[in-house]
Each structure stands twice: as C-alpha cells, then as structure tokens.
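Topology and contacts: notes
If you want the building blocks of each chain, they are given just below.
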Amino acid sequence: MSDVDIDVFDLTDPTFEALIITAGTFKASLPVPNPDVARSVRRIVPLVDVDPQTGQSVTVPQSICHVYDGRDLWSSYVIWTADLTVDEHGATSVALQGAELRSWLDHRLVDVDVTFTNTDQIEIARQLILNAQIGWGTWAAAADLGITVEPGSSGITRDRTYRLSEATSTAQRIEELANVEDGFEWRLHTYANPDGGRVREWRWGYPMLGGQLGRQVYTLPGNITSLKLTTDITGAGTAYWARGDTNQDDLTDDSQPLITPAPWVRADLLARGWPWLDSVSDHQGVTDPGTLDAYARAYAGANGGVVRTLTVKVRVPPSGAARFMPARLGDRVRLAAITDYWPPDEDGRPTFAATPRVVGLKMTPASRGQGVDLAELVLADDGAGALIVDPPKAGA
C-alpha cells in the first residue's frame with residue numbers, strides 16, 4: 001500500500017474494471033513456474049501472520065496491482081484475496097482478486113464525531129477523504145495513502161452530522177452525500193504524471209463526471225462484437241419514501257426510525273397508466289427530516305420509470321481513438337447499430353444511434369485465443385444522449 005514497486009508480472013486471463021462511484025474489480029491468475037518467481041509472489045500475496053494479542057492467523061492486505069496500458073496507468077487495485085493452487089501435475093498458480101483503490105474507503109470508518117453546517121457538499125466529501133487518511137495513535141500514518149483531493153465547489157451546501165458510534169464507512173457516507181437531489185459523481189482515480197510517478201486523486205463532477213463527446217465510434221456491423229440492452233423495472237417505483245434512524249432525542253421503548261411523512265410521487269408515470277409502486281430507501285444515521293425528504297425526492301427523480309442499461313463489447317486496436325480510458329469515464333461515445341431488430345431507415349441510415357455516457361469499463365486483454373483487446377462498455381441512458389431503442393414502425 002506504500003506504492004513501492006515490488007516486481008513486474010505476466011498475468012494470465014486478466015480482467016479489470018473501472019467504474020464511477022463503485023469500485024471496479026480485478027481478476028487474474030499468476031503462474032508460479034519456478035522458485036525465483038515464487039520468491040517474488042510471496043512478496044505480493046497478502047502476508048499470513050500471527051496476531052500477537054490473540055495468536056490467531058490474520059491476512060493483511062498490503063499489495064496493490066497497477067495495470068498499465070502502454071505507458072498509461074489504467075487503474076490500481078488493492079489485492080484483497082489470493083488463492084494459491086497446486087494442480088495434479090504440480091503446476092502452481094495464484095488466483096488474485098482485487099478492487100480499485102476506492103474499495104479501501106469501504107474499510108475506513110468515519111472515526112470522529114463531526115458536524116458540517118451550510119458547507120459545500122464537495123468540501124464535506126473532501127474532509128471525509130482527508131480524515132480517512134489519519135489513523136490513531138502511534139500508527140496514525142498507516143492510514144495515509146497519499147490520496148489528493150480535487151479542488152473546487154459545486155455551489156450546493158449541506159448540513160451533515162456524522163458520529164463514530166454509527167460505525168459507517170467513509171465510502172458509504174460519500175455515496176449518501178452524492179445520492180441526493182443536486183448531488184454529484186466521484187471516483188478515486190490513479191494516473192502516471194509526466195515524470196512516471198503515480199498519483200492517487202479523488203475526482204468529482206457536478207452534476208456528473210465528464211459529459212463531453214469523445215472521438216470513439218462503435219458500430220454494428222463493425223467493431224462491436226455483441227450488444228445487450230437491459231430493460232429493468234424491478235427497482236422502479238411511482239411513490240418514493242426514505243427511512244432514516246431513530247431520533248437520538250427519543251429514548252422511549254416504542255421509538256421508531258424516522259421516515260418521510262408522505263412519498264414523492266411520480267405523477268407523470270401514474271398518468272400514463274403505471275400502477276402504484278412503493279419504493280423505500282434506507283439511510284443509516286440520518287435523523288433530519290429535510291435530509292430524508294431530499295433523498296426521497298432524488299430517488300424519485302433518478303429511478304422512476306424504466307431503467308435501460310446498454311452493454312456493448314467492442315474490439316479495440318493497440319492504439320488510437322477507439323481505446324477508451326478510465327480517465328474519460330462519464331464522457332460520451334458515438335454508437336450505431338443496424339440489425340434485424342433495428343433495420344436501416346429508407347435512406348439507409350441506422351435507426352439505432354446514440355451518444356450515451358460511459359459509466360463503466362471492463363477490459364479483457366488480448367491472449368492466445370483472442371488476438372485483440374476486448375472492452376465491455378456500460379452505457380447509461382440519461383436523456384441527453386438518449387438511446388433510440390425502438391425499431392421503426394411499419395410504413396414509417
């Protein structure tokens with residue numbers, strides 16, 4: 001975790017993700033063909049040690065895997081699990097699994113009582129990140145991962161109180177802060193500076209990250225190998241509630257968690273014939289009615305109606321505009337498809353064309369059985385670059 005280089009390894013069957021807000025995952029197998037490699041591997045696999053107080057074996061995550069695309073640092077992953085396997089032929093390998101550096105924030109409590117009043121939401125998040133990097137006592141510096149925070153403000157102020165007794169992670173608190181009306185997007189980005197050094201930076205965007213139209217163009221037929229459009233209403237609602245914690249001032253036996261007194265209703269959907277569908281979101285530690293109301297309002301605006309997610313797998317060349325990097329997450333790409341479901345119009349133009357945002361990216365590098373890199377892009381339909389998903393009507 002100190003970011004001191006240990007070694008460079010050739011991995012087999014690697015896949016790695018980069019996501020907005022959520023931590024992308026990493027999976028790979030590390031062959032161990034000889035004792036020299038084994039010595040290096042023992043330095044990166046989480047150490048097995050003995051707790052001096054309990055005498056029990058403990059696993060200490062201490063290694064980070066940096067994935068490079070040429071000279072560009074693609075992303076960095078904390079190695080959380082490692083499975084060493086010896087097969088019937090005596091071949092040894094280690095299966096590594098990890099998650100982007102942002103996953104560390106899931107393991108750091110907001111470990112002080114702190115109150116923010118009329119404070120920009122980005123400044124609140126910044127202070128949470130900085131506090132996460134201060135440990136306790138003699139080993140306080142062990143929490144300092146050198147994460148820098150992007151400057152600026154959103155112009156949206158909040159009142160928030162966080163208590164150690166709530167035992168809530170830093171990541172959860174920032175997610176809660178971001179997932180309200182007029183919230184923001186964020187990710188923990190790693191990149192190489194011009195001198196080759198690695199930088200860990202918390203980045204944010206209000207109301208969202210990116211949004212610019214990039215040079216990437218993906219087509220079917222063309223460089224798209226598969227396309228999946230998911231239409232999901234399982235999490236949809238037409239009436240949204242938000243539930244918090246019990247008011248600390250109410251110590252009676254029958255005290256109950258606070259909940260918005262009335263739902264935020266999607267009248268537009270009900271008018272179009274949708275049934276009444278209740279949706280409740282839970283928010284640990286929240287006891288302010290205004291904050292709960294803001295959560296309910298935000299969820300009603302963001303989650304009402306049909307959720308459409310488009311995933312495309314594309315072939316990407318070793319270099320050039322078709323390669324999409326994690327630093328561009330949130331930006332838009334050009335997309336077009338002609339299939340039996342989406343036939344061309346009478347002028348031969350695609351009826352399925354869009355400029356959606358890329359909110360997730362998964363890479364599978366080229367291998368023996370796969371001559372080119374494959375990228376899986378998760379694309380969001382936010383209206384501005386709307387997915388045109390309905391085939392043309394007969395005779396249109």
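Residues numbered from 1 in each chain as written. Predicted model: local features only at pLDDT ≥ 70, side-chain atom pairs only at ≥ 80, totals over all residues. Heavy atoms only, no water.

The next point concerns the nonpolar core. In a soluble, globular protein the nonpolar side chains are often hidden away together inside. Residues F26, W74, F184, W186, W202 and L377 are the most contacted members of the largest nonpolar core, which totals 65 residues. Not counting residues within four places of it along the chain, the set of residues in contact with L377 comprises Y218, L310, T311, V312, V314, V358, G360 and L361. Judged by nonpolar contacts, the second largest core, of six residues, contains A242, V286, L292 and A296. (Core = buried A, V, L, I, M, F, W, Y, C linked by side-chain atoms within 4.5 Å. Buried < 20%, exposed > 50% of the residue type's maximum accessible area, 1.4 Å probe, protein only. Contact = heavy atoms within 4.5 Å.)

This paragraph deals with the pairing of strand 6 (residues 72-86). Here is the key point about a regular strand: its side chains alternate between the two faces of the sheet. Two strands pair when backbone bridges link them, and strand 5 (residues 64-69) and strand 6 are joined in this way by six bridges, in the antiparallel orientation. Looking across to strand 6, one finds that I64 is bridged to V78. Where strand 5 hands over to strand 6, the hairpin turn is made up of two residues, of which G70 adopts a positive phi near 65 degrees. Remark: five residues form the turn of the hairpin made by strand 6 and strand 7 (residues 92-100), two consecutive strands paired antiparallel; G90 in that turn has positive phi of roughly 85 degrees. (Pairing = 2+ DSSP bridges. Helix = DSSP H or I, 4+ residues; strand = E, 2+ residues; numbered from the N terminus.)

As summarised here, the arrangement of the three strands in space is 9-12-11, forming an open sheet in which the pairing is mixed. Only two strands of the sheet have a single partner each, and these edge strands are strand 9 (147-149) and strand 11 (185-192). Taken pair by pair, the neighbouring strands of this sheet meet at an average axis angle of 30 degrees, ignoring direction. Pairing analysis gives three bridges linking strand 9 to strand 12 (residues 198-205), with the strands arranged parallel. Looking at strand 12, one finds that I147 is bridged to R200. Packing of helix 2 (residues 121-132) onto the sheet brings it into contact with strand 9 and strand 12, and relative to strand 12 it is tilted by some 150 degrees. (Axes fitted to C-alpha atoms, helices over the stretch in contact; angles between N-to-C directions.)

Per-residue confidence for the protein chain averages 87 on the pLDDT scale, and 88% of its residues sit at or above 70. Taken element by element, the protein chain is modelled with least confidence in strand 4 (residues 57-60), mean pLDDT 56, and with most confidence in helix 2, mean pLDDT 98. (pLDDT = per-residue confidence, 0-100.)

Further remarks concern the packing of helix 2 against helix 3 (residues 170-178). It is the contact of helix 2 with helix 3, at a shortest axis distance of 10 Å, that shows an interaxial angle of 175 degrees. One element, helix 2, and the other, helix 3, form an angle in the roughly antiparallel class. Residues Q121, I124, A125, L128, I129 and A132 of helix 2 lie in contact with helix 3, whose contacting residues are T170, R173, I174 and L177. In the contact of helix 2 with helix 3, the residues fall into seven nonpolar, two polar and one charged. (Parallel < 35°, antiparallel > 145°, perpendicular 65-115°, else oblique. Nonpolar A, V, L, I, M, F, W, Y, C, P; charged D, E, K, R; others polar.)

Applying the stated rule across the entire model yields 21 salt bridges. Of the charged contacts, one joins K313 and E376 as a salt bridge, the two residues approaching to 3.9 Å between their closest N and O atoms. With K313 in strand 19 (residues 307-316) and E376 in strand 23 (residues 373-380), this pair connects stretches of sequence that are 63 residues apart. Since its relative accessible area comes to 37%, K313 is described here as partly exposed. Each of R163, E166, R173 and E176 takes part in a single network of salt bridges with overlapping partners. (Salt bridge = Lys/Arg side-chain N within 4 Å of Asp/Glu carboxyl O.)

This part takes up the environment of L177. Take L177: it is sitting in helix 3. Relative accessible area serves as the criterion here: at 0%, L177 is assigned to the buried category. C-alpha separation for the pair L177 and Y295, spaced 118 residues apart in sequence, amounts to 9.4 Å. Not counting residues within four places of it along the chain, the set of residues in contact with L177 comprises Q121, I124, A125, R158, R160, Y162, F184 and Y295.

Positionally, E17 belongs in strand 1 (residues 12-19). For E17, the side chain forms a polar contact with the side chain of T25, separated by 2.7 Å. When residues no more than four places from it in sequence are discounted, the contact partners of E17 are G24, T25, W74, Y77, E100, L361 and K362. (Polar contact = N/O pair within 3.5 Å; in protein donor to acceptor, adjacent residues only side chain to side chain.)

For residues besides glycine, phi is generally negative; the peptide bonds are generally trans as well. With omega at -5 degrees, the peptide bond leading from Y206 into P207 counts as cis. Position of P207 among the secondary structure elements: in the loop between strand 12 and strand 13 (213-220).

Turning to helix 1 (residues 35-44), a few remarks are in order. Within helix 1, the full set of buried residues consists of A38, S40, V41 and I44. On an axial view of helix 1, the arc spanned by its buried residues comes to 165 degrees, and they lie on one face. Residues of helix 1 that are exposed and angled more than 90 degrees away from the buried face: P35, D36 and R42. Its buried side turned inward, helix 1 meets strand 2 (25-32) and strand 7. The distance from a side-chain oxygen at the start of helix 1 to the backbone nitrogen of D36 is 3.1 Å, and the residue carrying that oxygen is N34. (Arc of directions from axis to C-beta.)

Think of an α-helix as 3.6 residues a turn; residues three or four steps apart then line up on the same face. Counting buried positions along helix 3 gives seven out of nine residues, so the element sits mostly inside the fold. Inspection of helix 3 places T170, A171, R173, I174, E176, L177 and A178 among the buried residues, and these make up the whole buried set.

So, on to the side chain of S75. Tracing the backbone shows S75 in strand 6. You can call S75 buried: its relative accessible area is 4%. Here S75 is in contact with C65, H66, V67, E100 and T190, once residues within four sequence places are set aside.

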